[in-house]
Amino acid sequence: MFWTVFSFELNYRLRRPATYIYFFTILLLVTLIIANGGSPASEKVHHNSPAMIGSFFSTMGILSILICSAVMGVPLYRDLEHNTKEYLLSSPIRKSAYFWGRFWGSFAILVFICLGAIPGFMIGSWIGPLFDWAKPERYGPNHLVYYLWPFVTLLLPSLFFSSCLFFGLVSWFRNNRILYTVSIMLFILYLLSDFWCAISKAGFGRFA
């Protein structure tokens, strides 16, 4: 029964335009950032170096909170809103198969959406020098392993944590508004912590 619910969730999401809108939005934004040399790389570091890719994916794990809340909060709330949860659970479907099928189906779609950052990075490193938006020497060779390793080790755990948080909030509170409230609060806390770290570094730099 798990695979039935899982495949249903996948097929449902792959038919929704929002899935591809999110994917191409991430692809386009990353392409423009890298093509214009928007990474924090110093003059001696390539914009698409493994260190910069890892740093970018670490930041992306926080910035993708809003997308994560929209994707992971939908499946259970959709059943609650249309009163289909009781109908589904009255059929020979175990509760664990229902919940985990919804969760992993939605999480697979979330991973697919965030995978748009990898071709965005590669395309940006190609068209940047092509349109003279950045110097060619600021880009190095593109190796797929440079992208897959930080995606799996840095971005994927962050997405999994956020997915568990938002999926659990919907199942517990049965209210979709709590998702957006928590996601905005987390995003603001990230901005404040980043701002505080920048101030701390500047203050320590003065006394160094």
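Note that the structure is predicted; figures quoted are calculated from it, not measured.

Side note on the overall build of the protein chain
Counting secondary structure elements, the protein chain contains ten helices and zero strands. Starting at the N terminus, the α and β elements of the protein chain follow one another as α-α-α-α-α-α-α-α-α-α. Per-residue burial for the protein chain yields a buried fraction of 39% across its 208 residues. Counting contacts in the protein chain only where the partners sit at least 6 residues apart, residues at least 24 apart contribute 81% of the total.

Structural notes on the nonpolar core
If you look at the biggest cluster of nonpolar residues, it comprises 34 residues, and the most contacted ones within it are F57, M72, L110 and F166. Of all the secondary structure elements, the ones that give two or more residues to this core are helix 2 (17–35), helix 3 (50–63), helix 4 (65–72), helix 7 (95–114), helix 8 (117–130), helix 9 (144–173) and helix 10 (177–207). Counting residues per element, this core draws most heavily on helix 9, at eight residues. With sequence-adjacent residues up to four places away left out, F166 is seen in contact with I65, C68, S69, M72, L179, V182, S183 and L186.

Some points on the side chain of S125
In this fold, S125 is placed in helix 8. Residues within four places of S125 in sequence aside, it is in contact with I34, N48, Y139 and N142.

With respect to unusual backbone geometry
Phi is positive for D132, which is not a glycine, with a value near 60°. Among the secondary structure elements, D132 is positioned in the loop between helix 8 and helix 9.

Regarding the state of the cysteines
Inspection of the entire model under this criterion finds zero disulfides. Its sulfur unpaired, C68 is 7.8 Å from the next cysteine sulfur, which belongs to C114. Judged by its relative accessible area of 1%, C68 is buried.

Some points on the confidence of the model for the protein chain
Summarising the model, the protein chain shows a mean pLDDT of 81, and 83% of its residues fall at 70 or more. Here helix 6 (residues 85–90) stands out as the least confident element of the protein chain, with mean pLDDT 52; helix 2 is the most confident, with 92.

Examining the pattern of salt bridges
On inspection of all chains with the given rule, the structure shows two salt bridges. Notably, a salt bridge pairs R13 with E9, separated by 3.2 Å at the nearest N-O pair. Linking R13 with E9, this pair stays in helix 1 (residues 2–14), spanning four residues, or about one helical turn. A salt bridge links R102 to E9, with the nearest nitrogen and oxygen atoms 2.8 Å apart. One end of the pair, R102, is in helix 7; the other, E9, is in helix 1, with 93 residues separating them in the sequence. Exposure class is identical for R102 and E9. Each is buried.

Quick notes on the packing of aromatic side chains
Across all of its chains, the model carries 21 aromatic pairs by this definition. Arranged with centres 5.8 Å apart and planes meeting at 85°, the rings of F57 and F151 form a pair that is edge-to-face. Separated by 94 residues along the polypeptide, F57 in helix 3 and F151 in helix 9 bring together distant segments of the chain. Summarising the burial analysis for this pair, F57 and F151 share the class buried. What links up through ring pairs into an aromatic cluster is the set W100, F103, W104, F107, F160 and F167.

Cut-off values and rules
- Throughout this document, residue positions are counted from 1 along each chain, in the order its sequence is written.
- In keeping with the predicted nature of the model, local features appear solely for residues at pLDDT of at least 70, side-chain atom pairs appear and are counted solely at 80 or more, and the whole-chain, interface and lining totals rest on all residues.
- Note: side-chain values were computed over all heavy atoms of the structure, leaving out hydrogens and water.
- Note on conventions: DSSP H or I runs of at least 4 residues are helices, E runs of at least 2 residues are strands, and numbering of each starts at the N terminus.
- Each residue gets one of three labels from its accessible area relative to the maximum for its type: buried under 20%, exposed over 50%, partly exposed in between, using a 1.4 Å probe on protein chains only.
- Contact between two residues is taken to exist if any of their heavy atoms lie within 4.5 Å; hydrogens are not considered.
- Buried residues of nine kinds, namely Ala, Val, Leu, Ile, Met, Phe, Trp, Tyr and Cys, make up a nonpolar core once their side-chain atoms join them within 4.5 Å.
- Cysteine sulfur atoms are paired as a disulfide whenever they fall within 2.5 Å.
- Per-residue confidence from the prediction method is given by pLDDT, with values spanning 0 to 100.
- Salt-bridge detection follows one rule: a side-chain nitrogen of Lys or Arg within 4 Å of a carboxyl oxygen of Asp or Glu.
- Centres within 6.5 Å are what make two rings of Phe, Tyr or Trp a pair, Trp counting through its six-membered ring; a difference in plane orientation under 30 degrees is then read as stacked, over 60 as edge-to-face, and the rest as tilted.

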